[in-house]
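Residues per chain, in single letters:
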Amino acid sequence: MPVIERPTDAALVTFRKTSMPSPPLDPDVADLAPTEPVLTAYDEEHIVTYLRLLDANAENADWREVAHIVLHIDPDQQPDRARRAFDSHLARAKWMANEGYSHLLRSDGMDP
């Protein structure tokens, strides 16, 4: 796995000023996350959702609780939909953490 160096503070400030607008903190989600091998507008809107999913996964949180709190889908009322949404969004979150972030950097003219 390649070592990822932390960008300088100046680079982060520049990135924040010139990149996408701040994403919503708690947006509703689609039934399925994107699967395209490129960053989508949906991904940009759901960066915070992906981070919350990765945090919950790292803490071994129960997927039902995460689906209810983060994805706004009640697993008691819609168990199949909740599980599909959870699985697809967690997979996309992992893709973003491993590959998708480089699309953000490239779109800003920075090398990953």
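Presented here is an overview of the structure given in this document. (Residues numbered from 1 in each chain as written. Predicted model: local features only at pLDDT ≥ 70, side-chain atom pairs only at ≥ 80, totals over all residues. Heavy atoms only, no water.)

### Details of unusual backbone geometry
Rules: Labels follow the DSSP assignment, with helices taken as runs of H or I lasting at least four residues and strands as runs of E lasting at least two, numbered in each case from the N terminus.
We note that Asn60 has phi near 55°; this positive angle belongs to a residue other than glycine. Tracing the chain through its elements places Asn60 in the loop between helix 3 (47-58) and helix 4 (63-69). One non-glycine residue, His72, lies in positive phi territory at about 60°. The topology assignment puts His72 in the loop between helix 4 and helix 5 (79-107).

### Observations concerning the pattern of salt bridges
Counted only if it meets this: A side-chain nitrogen of Lys or Arg and a carboxyl oxygen of Asp or Glu constitute a salt bridge if their distance falls within 4 Å. Residue exposure (1.4 Å probe, protein chains only): buried if accessible area is under 20% of the type maximum, exposed if over 50%, otherwise partly exposed.
Per the counting criterion, the structure on display carries five salt bridges. Note that Asp26 and Arg52 form a salt bridge whose closest N and O atoms lie 2.8 Å from each other. Highlighted residues: Asp26 in the loop between helix 1 (9-18) and helix 2 (41-45) and Arg52 in helix 3, separated in sequence by 26 residues. With a relative accessible area of 42%, Asp26 lands in the partly exposed category. In this structure, Asp87 engages Arg83 in a salt bridge whose closest nitrogen and oxygen atoms are separated by 3.1 Å. Taken together, the positions of Asp87 and Arg83, both in helix 5 and four residues apart, correspond to about one turn of that helix.

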